[in-house]
Amino acid sequence: TEAPVPKMLAPCLLRRVALTVPLLVVVALLLTEPVRSDQEAGTAIPAESRPCVDCHAFEFMQRALQDLKKTAYNLDTR
């Protein structure tokens, strides 16, 4: 059996959520770093400072392939 929810609890929670969400948005906006005017939109990040996305994707695909091979082997042996 579920415990009955007091009638005043729902409006109280709703009011608390209505006050908390905008507060969190304001805090998040204050903590984020604004775009500086000397930063041009769409400027390319030099390759030296970027992580090697192709390498990570390749490693991920290799692991996924190994997992598929193991799964296929396990299914074949059953």
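Residues numbered from 1 in each chain as written. Predicted model: local features only at pLDDT ≥ 70, side-chain atom pairs only at ≥ 80, totals over all residues. Heavy atoms only, no water.

Q: I tried to follow the overall build of the protein chain on my own but got confused; where do I start?
A: Within the protein chain one finds two helices and zero strands. A buried classification covers 0% of the 78 residues belonging to the protein chain. Carbon and sulfur atoms provide 66% of the accessible area of the protein chain, an area that totals close to 8100 Å². (Helix = DSSP H or I, 4+ residues; strand = E, 2+ residues; numbered from the N terminus. Buried < 20%, exposed > 50% of the residue type's maximum accessible area, 1.4 Å probe, protein only. Areas by Shrake-Rupley, 256 points an atom, 1.4 Å probe, with all protein chains shown as cover.)

Q: Honestly, a nonpolar patch on the surface in this entry has me stumped. Any pointers?
A: A contiguous nonpolar patch, built from Val17, Val21, Val25 and Leu29 and spanning about 360 Å² of accessible area, is present on the exposed surface. Take Leu29: it is sitting in helix 1 (residues 9-31). Leu29 sits in the exposed class, given a relative accessible area of 60%. (Patch = residues over 30% accessible without salt bridge, like charges linked within 9 Å, V, L, I, M, F, W, Y side chains within 5 Å. Salt bridge = Lys/Arg side-chain N within 4 Å of Asp/Glu carboxyl O.)

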